[in-house]
Amino acid sequence: MVLNLKHLYDIVGEEIPFDYVIPSDLLGSPSGRRFPDGAGVKGRAYNRAGVVFLDTDTAFVLETECDRCLKTFTKEFSFASQRILVRSLNGEDSDDYIVTENDVLDLDDAVISEILLQIPAKMLCSDDCRGLCPHCGADLNLGSCGCGGEEQ
Ligand SMILES: [Zn+2]
Ligand SMILES: [Zn+2]
(Lines give C-alpha, C1' and ligand atoms only; values in the text may rest on other atoms or scores of the structure.)
(Ligands and ions follow the chains in the order given, each with its own letter.)
Protein backbone atom coordinates (compact mmCIF):
# COMPACT_ATOMS: atom_id res chain seq x y z
CA MET A 1 0.00 0.00 0.00
CA VAL A 2 1.31 3.46 -0.93
CA LEU A 3 0.28 6.57 1.02
CA ASN A 4 0.17 9.95 -0.68
CA LEU A 5 1.42 12.38 1.96
CA LYS A 6 1.07 15.73 0.24
CA HIS A 7 -2.00 16.90 2.18
CA LEU A 8 -0.70 15.25 5.33
CA TYR A 9 2.50 17.31 5.27
CA ASP A 10 0.73 20.56 4.42
CA ILE A 11 -2.41 20.48 6.56
CA VAL A 12 -2.33 20.30 10.37
CA GLY A 13 -4.94 17.83 11.64
CA GLU A 14 -5.01 15.83 8.41
CA GLU A 15 -5.10 12.06 8.94
CA ILE A 16 -4.92 8.88 6.83
CA PRO A 17 -6.21 5.73 8.57
CA PHE A 18 -5.42 2.25 7.24
CA ASP A 19 -6.33 -1.34 8.06
CA TYR A 20 -5.13 -3.96 5.61
CA VAL A 21 -3.13 -7.16 5.13
CA ILE A 22 0.31 -7.43 3.56
CA PRO A 23 0.12 -10.67 1.53
CA SER A 24 2.43 -13.63 2.21
CA ASP A 25 4.28 -13.38 -1.08
CA LEU A 26 5.38 -9.80 -0.36
CA LEU A 27 6.83 -10.92 2.96
CA GLY A 28 8.78 -13.82 1.46
CA SER A 29 10.45 -16.35 3.76
CA PRO A 30 13.33 -14.66 5.58
CA SER A 31 15.64 -17.25 7.22
CA GLY A 32 13.16 -19.97 6.22
CA ARG A 33 10.38 -18.47 8.37
CA ARG A 34 7.01 -18.18 6.62
CA PHE A 35 3.92 -15.96 6.97
CA PRO A 36 0.94 -18.20 6.10
CA ASP A 37 -1.64 -15.43 6.69
CA GLY A 38 0.46 -12.44 5.67
CA ALA A 39 0.65 -9.59 8.18
CA GLY A 40 -2.25 -7.45 9.43
CA VAL A 41 -1.46 -3.75 9.68
CA LYS A 42 -3.70 -1.22 11.43
CA GLY A 43 -2.95 2.38 12.18
CA ARG A 44 -2.84 5.90 10.86
CA ALA A 45 -0.58 8.63 9.63
CA TYR A 46 -1.47 12.06 10.98
CA ASN A 47 -0.25 15.63 11.23
CA ARG A 48 -0.14 16.89 14.80
CA ALA A 49 1.08 20.46 15.18
CA GLY A 50 3.01 20.20 11.94
CA VAL A 51 4.76 16.92 12.78
CA VAL A 52 3.65 13.87 10.78
CA PHE A 53 3.47 10.65 12.79
CA LEU A 54 3.06 7.11 11.53
CA ASP A 55 1.46 4.80 14.11
CA THR A 56 1.13 1.09 13.28
CA ASP A 57 -0.11 -2.03 15.03
CA THR A 58 1.14 -5.12 13.25
CA ALA A 59 0.14 -8.75 13.87
CA PHE A 60 1.24 -11.92 12.10
CA VAL A 61 1.62 -15.67 12.48
CA LEU A 62 5.04 -17.09 11.79
CA GLU A 63 5.40 -20.69 10.61
CA THR A 64 8.80 -22.31 11.02
CA GLU A 65 10.65 -25.48 11.79
CA CYS A 66 11.90 -25.79 15.37
CA ASP A 67 15.63 -25.05 15.41
CA ARG A 68 16.16 -27.99 17.75
CA CYS A 69 13.76 -30.81 16.72
CA LEU A 70 12.75 -29.64 13.20
CA LYS A 71 9.02 -29.95 13.94
CA THR A 72 6.86 -27.39 12.09
CA PHE A 73 4.99 -25.04 14.39
CA THR A 74 3.43 -21.57 14.37
CA LYS A 75 3.75 -18.63 16.73
CA GLU A 76 1.81 -15.36 16.91
CA PHE A 77 3.52 -11.99 17.07
CA SER A 78 2.22 -8.47 17.45
CA PHE A 79 3.88 -5.13 18.04
CA ALA A 80 3.16 -1.42 17.92
CA SER A 81 5.42 1.28 16.61
CA GLN A 82 5.46 5.03 16.14
CA ARG A 83 7.73 6.79 13.69
CA ILE A 84 7.95 10.30 12.30
CA LEU A 85 7.70 11.03 8.59
CA VAL A 86 9.85 13.82 7.17
CA ARG A 87 10.58 15.26 3.73
CA SER A 88 14.24 15.59 4.64
CA LEU A 89 16.46 15.22 7.67
CA ASN A 90 18.31 18.17 9.23
CA GLY A 91 20.99 16.34 11.06
CA GLU A 92 18.62 13.99 12.89
CA ASP A 93 19.81 10.47 12.37
CA SER A 94 17.49 8.03 14.01
CA ASP A 95 15.47 4.93 13.31
CA ASP A 96 12.46 6.91 14.52
CA TYR A 97 12.43 8.91 11.28
CA ILE A 98 11.41 7.87 7.80
CA VAL A 99 12.48 10.16 4.97
CA THR A 100 9.93 10.11 2.16
CA GLU A 101 10.57 10.96 -1.48
CA ASN A 102 8.07 12.89 -3.59
CA ASP A 103 5.63 12.92 -0.65
CA VAL A 104 4.77 9.23 -0.97
CA LEU A 105 5.38 6.44 1.52
CA ASP A 106 5.58 2.76 0.60
CA LEU A 107 3.83 1.56 3.75
CA ASP A 108 4.53 -2.11 2.96
CA ASP A 109 8.29 -1.48 2.90
CA ALA A 110 8.14 0.55 6.11
CA VAL A 111 6.23 -2.20 7.94
CA ILE A 112 8.18 -5.13 6.48
CA SER A 113 11.50 -3.66 7.61
CA GLU A 114 10.13 -3.60 11.17
CA ILE A 115 8.66 -7.11 10.94
CA LEU A 116 12.10 -8.46 10.02
CA LEU A 117 13.50 -6.98 13.23
CA GLN A 118 10.83 -8.83 15.24
CA ILE A 119 11.75 -12.29 14.00
CA PRO A 120 13.92 -14.03 16.59
CA ALA A 121 17.19 -15.59 15.40
CA LYS A 122 16.33 -18.83 17.20
CA MET A 123 12.84 -20.34 17.39
CA LEU A 124 11.99 -23.39 19.49
CA CYS A 125 8.66 -25.30 19.49
CA SER A 126 8.78 -24.99 23.29
CA ASP A 127 11.32 -23.63 25.75
CA ASP A 128 12.13 -27.13 26.97
CA CYS A 129 12.27 -28.83 23.56
CA ARG A 130 14.67 -31.75 23.95
CA GLY A 131 15.66 -31.83 20.29
CA LEU A 132 16.90 -34.78 18.28
CA CYS A 133 19.31 -37.49 19.40
CA PRO A 134 22.66 -36.55 17.84
CA HIS A 135 23.37 -40.24 17.22
CA CYS A 136 20.17 -41.75 15.78
CA GLY A 137 18.13 -38.63 14.98
CA ALA A 138 15.10 -39.71 17.04
CA ASP A 139 12.85 -36.94 18.41
CA LEU A 140 13.67 -37.01 22.13
CA ASN A 141 10.40 -35.15 22.92
CA LEU A 142 8.68 -38.46 22.14
CA GLY A 143 10.77 -40.32 24.74
CA SER A 144 14.24 -41.73 25.08
CA CYS A 145 15.50 -43.29 21.84
CA GLY A 146 17.39 -46.11 23.57
CA CYS A 147 20.10 -46.17 20.90
CA GLY A 148 22.78 -45.94 23.61
CA GLY A 149 24.54 -43.19 21.70
CA GLU A 150 25.42 -41.29 24.83
CA GLU A 151 27.51 -44.12 26.25
CA GLN A 152 29.78 -44.50 23.24
ZN1 LIG B 1 11.36 -28.56 19.05
ZN1 LIG C 1 19.50 -42.04 19.77
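For the structure given in this document, a descriptive report is provided here. Keep in mind that what you see is a predicted model, and the values were worked out from it rather than measured. (Residues numbered from 1 in each chain as written. Chains lettered and ligands numbered in written order. Predicted model: local features only at pLDDT ≥ 70, side-chain atom pairs only at ≥ 80, totals over all residues. Heavy atoms only, no water.)

Time to look at the pattern of salt bridges. One pass over the full model with this rule turns up 8 salt bridges. We note a salt bridge from Glu-63 to Arg-34, for which the minimum N-O separation is 2.9 Å. Residue Glu-63 is located in strand 4 (residues 51-65), and its partner Arg-34 is located in the loop between helix 2 (24-27) and strand 3 (39-48); the two are separated by 29 residues in the primary sequence. Residue Glu-63 is classed as partly exposed on the basis of its relative accessible area, which comes to 25%. The exposure class assigned to Arg-34 is partly exposed, which follows from its relative accessible area of 26%. (Salt bridge = Lys/Arg side-chain N within 4 Å of Asp/Glu carboxyl O. Helix = DSSP H or I, 4+ residues; strand = E, 2+ residues; numbered from the N terminus. Buried < 20%, exposed > 50% of the residue type's maximum accessible area, 1.4 Å probe, protein only.)

Attention now goes to the sheet that holds strand 5 (residues 72-86). Taken together, the 5 strands give an open sheet; going across it, the order is 2-3-4-5-6, and neighbouring strands pair in mixed fashion. Taken across any chain shown, the strands that pair with only one partner, and hence form the sheet edges, are strand 2 (15-22) and strand 6 (97-99). Strand-to-strand twist in this sheet, taken as the mean axis angle between neighbours without regard to direction, amounts to 25°. As judged from the 8 bridges shared by strand 2 and strand 3, these two strands associate in the antiparallel manner. If you follow Pro-17 over to strand 3, its bridge partner there is Arg-44. (Pairing = 2+ DSSP bridges. Axes fitted to C-alpha atoms, helices over the stretch in contact; angles between N-to-C directions.)

Structurally, Glu-114 can be placed in helix 3 (residues 107-118). Note on Glu-114: relative accessible area 15%, which makes it buried. Within polar-contact distance, the side chain of Glu-114 engages the side chain of Arg-83 at 3.3 Å. (Polar contact = N/O pair within 3.5 Å; in protein donor to acceptor, adjacent residues only side chain to side chain.)

Positive phi, normally seen in glycine, also occurs at Leu-70, with a value near 70°. Note on placement: Leu-70 falls in the loop between strand 4 and strand 5. Exposure remark for Leu-70: the relative accessible area of 56% places this residue in the exposed category. Here the phi dihedral of Asp-103 falls at roughly 60°; this positive angle occurs in a residue that is not glycine. Along the chain, the position of Asp-103 falls in the loop between strand 6 and strand 7 (104-106). According to the relative accessible area criterion, Asp-103 is buried, its value standing at 13%.

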